[in-house]
Amino acid sequence: MHTSLECSLTGEVHDPSKLQGLSRAGKPLLARYDLQSLRHLRPADIRQRTERSMWRFHEVLPVDSLSEAVTLGEGMTPLLKCTQRGIFGQFSDLWVKDEGFNPTQSFKARGMSAAITRALALGVKTVALPSAGNAAGAATAYAARAGLDCVIFVPEDTPPANILESACGGARVILVNGLISDCGRLCRAACDRFGWFDLSTLKEPFRLEGKKTMGYELAFDLADARHTTDLQLPDVILYPTGGGTGLIGMWKAFDEMEQLGWIGSARPRMVVVQAEGCAPIVKAFHDGAVSAPMFPNAKTIVSGLRVPAAVGDFLMLDILRRSHGTAITLSDAELMQGVQELARLQGIHGAPEGGAVWRAAVQLRATGWIQPEETVVLFNTGAAVKYNHLLRCDNAIRLDHTSATAMDELEKQL
Ligand SMILES: Cc1ncc(COP(=O)(O)O)c(C=O)c1O
């Protein structure tokens, strides 16, 4: 269980036993744990656990005991080594952490499991959030599991699959004629008016805690894949970035693991990947800025990356610089090409966000920023099934089962 909540800008401590949003300075709050008292805990202890979810790391999550967790079995997603087929041959140690295997088919499940666990413990009855789509589906499911009411504010062009799963799951769906930032403003006002709890990403402390488990798992997964007991981190991590909670969370996990004595001080180079039409963090990084102004006229088909302003901007920019990382954009066409390549050459039917990180790796390989033998991890943050509206089937062959010459016709078209 966390022992305090600390402002990510000023370090000011906030009461962890009360419901908290942003810090008094208006910045994200970070959960702190007494890690010194946990130094007896070894990776081998974690490996022996029978808990098959991210909650096997429960000592560094917001619960006193495992039984408090609102869980649907999130986490423990596969880390898949890419084959060197075709264009993938440029990398000899490339991996995909496939978050599409989570409940509700995206990494948002991790954050919602942690946040709703804590909200339930602190007596919340109704949660509300703005979402690009996947967070809405995840919040709906975990709220249902916990017996809470859920209200979601989504842009009206949110993928139909996300809207339908929220509606089916009993959430109150509010369609907004604007961007996620507009949804965020309306959600805040509604929470003030109706007394709902605002679950906006990084505006409450615990979605970050759930997502940080990607960092813990990665270190275990890589060690297991290499048949070693010492936890391992890759050279490079590519992350599709909207609000950036996963990126900030993983970095926090690495620091915690170092304090636990599980890893040393070496860190992966972190890469932010955004769409050309909405790239506030990429722009701020290359401008040398410490925060990212609102990106004007944000436009991309990739709903998860359509985030023109992020409250954790200064944290992401700091991580990019401290890790000697970088930030890169892709056109919508290129990242959809990435979706196809991952599916056809690796069998991974990922989200456009996953296509984006793969194509970003190709670009960084072409410039020599990534070397062929480096260990590179791509985060495929969701499953393609949520994005069927973006996919095309233009190579199907029609065949008449009543035709006596069906095989001749098929032969002609193959
Ligand atoms: C599939 C997918 N990938 C990435 C993101 C961006 O995540 P984050 O807010 O952690 O940067 C989202 C957010 O909606 C998403 O749905």
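Our subject is the structure listed above.
Let me sum up the structure you'll find in this document.

Parameters and conventions
Residues numbered from 1 in each chain as written. Predicted model: local features only at pLDDT ≥ 70, side-chain atom pairs only at ≥ 80, totals over all residues. Axes fitted to C-alpha atoms, helices over the stretch in contact; angles between N-to-C directions. Helix = DSSP H or I, 4+ residues; strand = E, 2+ residues; numbered from the N terminus. Parallel < 35°, antiparallel > 145°, perpendicular 65-115°, else oblique. Left-handed = near helix turned anticlockwise from the far one by under 90°. Contact = placed C-beta atoms within 7 Å. Pairing = 2+ DSSP bridges. Expected span 1.5 Å × (residues − 1). Buried ≥ 20, exposed ≤ 12 C-beta atoms within 10 Å, placed from the backbone. Near = placed C-beta within 6 Å. Nonpolar A, V, L, I, M, F, W, Y, C, P; charged D, E, K, R; others polar. Right-handed = clockwise from strand over helix to strand, strands pointing away. Core = buried A, V, L, I, M, F, W, Y, C linked by C-beta atoms within 7 Å.

Okay, the packing of helix 7 (residues 245–259) against helix 9 (residues 313–322) next. One way to put it is that helix 7 packs onto helix 9 with a least axis distance of 10 Å and a crossing angle of 55°. Between helix 7 and helix 9, the angle is such that the two are oblique. Classified by chirality, the crossing of helix 9 by helix 7 is left-handed. Residue-level contacts link L247, I248 and W251 of helix 7 to L315, M316 and I319 of helix 9.

All right, on to the sheet that holds strand 11 (residues 269–275) then. Strand order in the open sheet made by the 6 strands is 4-5-13-10-11-12, with mixed pairing throughout. The open sheet has two edge strands with one neighbour each: strand 4 (79–81) and strand 12 (326–330). Taking the axes of each pair of neighbouring strands and ignoring which way they run, one obtains an average angle of 25° across the sheet. Two strands pair when backbone bridges link them, and strand 10 (residues 236–240) and strand 13 (residues 375–380) are joined in this way by 3 bridges, in the parallel orientation. Directly across from I237, in strand 13, lies its bridge partner V377. Across the sheet, helix 6 (residues 206–225) lies against strand 4, strand 5 (93–98) and strand 13, angled at about 45° from strand 4, the strand it touches most. The strands that helix 8 (residues 280–287) touches are strand 11 and strand 12; relative to strand 12, the one it contacts most, it runs at about 135°.

Between its first and last C-alpha atoms helix 7 spans 21 Å; for 15 residues at 1.5 Å apiece the expected length is 21 Å, and the two agree. With 12 of 15 residues buried, helix 7 lies mostly within the body of the structure. Three or more residues of helix 7 are buried, namely T245, G246, L247, I248, G249, M250, W251, K252, A253, F254, E256 and M257. Downstream of helix 7 by one or two residues, G261 has phi in the positive range, about 80°.

Among the 17 residues in the neighbourhood of the ligand, the closest are listed as G242, G243, G304, T381 and G382. At the level of elements, helix 3 (134–146) and helix 7 are the ones that each hand at least two residues to the shell around the ligand. Here the shell around the ligand is composed, by residue class, of 4 nonpolar, 12 polar and 1 charged.

When strand 7 (residues 149–155) meets strand 8 (residues 172–176), the two strands line up parallel, connected through 5 bridges. For V151, the partnering residue across the bridge sits in strand 8 and is R172. Running through helix 4 (residues 160–168), the crossover from strand 7 to the neighbouring parallel element strand 8 is right-handed.

This part covers the environment of R306. Among the structural elements, R306 can be located in the loop between helix 8 and helix 9. For the pair formed by R306 and D230, sequence separation is 76 residues and the distance between their alpha carbons is 38 Å.

Below, the discussion takes up the nonpolar core. If you look at the biggest cluster of nonpolar residues, it comprises 120 residues, and the most contacted ones within it are V127, A139, L238, V271, V272 and I281. With 8 residues, helix 6 is the single largest residue contributor to this core. Among residues more than four places away in sequence, those in contact with V271 are V236, I237, L238, Y239, G325, T326, A327, I328 and A360.

It is worth spelling out the sheet that holds strand 1 (residues 4–7) at this point. One open sheet holds the 3 strands; their spatial order is 2-1-3, and the pairing between them is antiparallel. Only two strands of the sheet have a single neighbouring strand rather than two, namely strand 2 (13–14) and strand 3 (29–32). Pairing of strand 1 with strand 3, which is carried by 4 bridges, proceeds in the antiparallel orientation. Paired with C7 across the two strands is L29, which belongs to strand 3.

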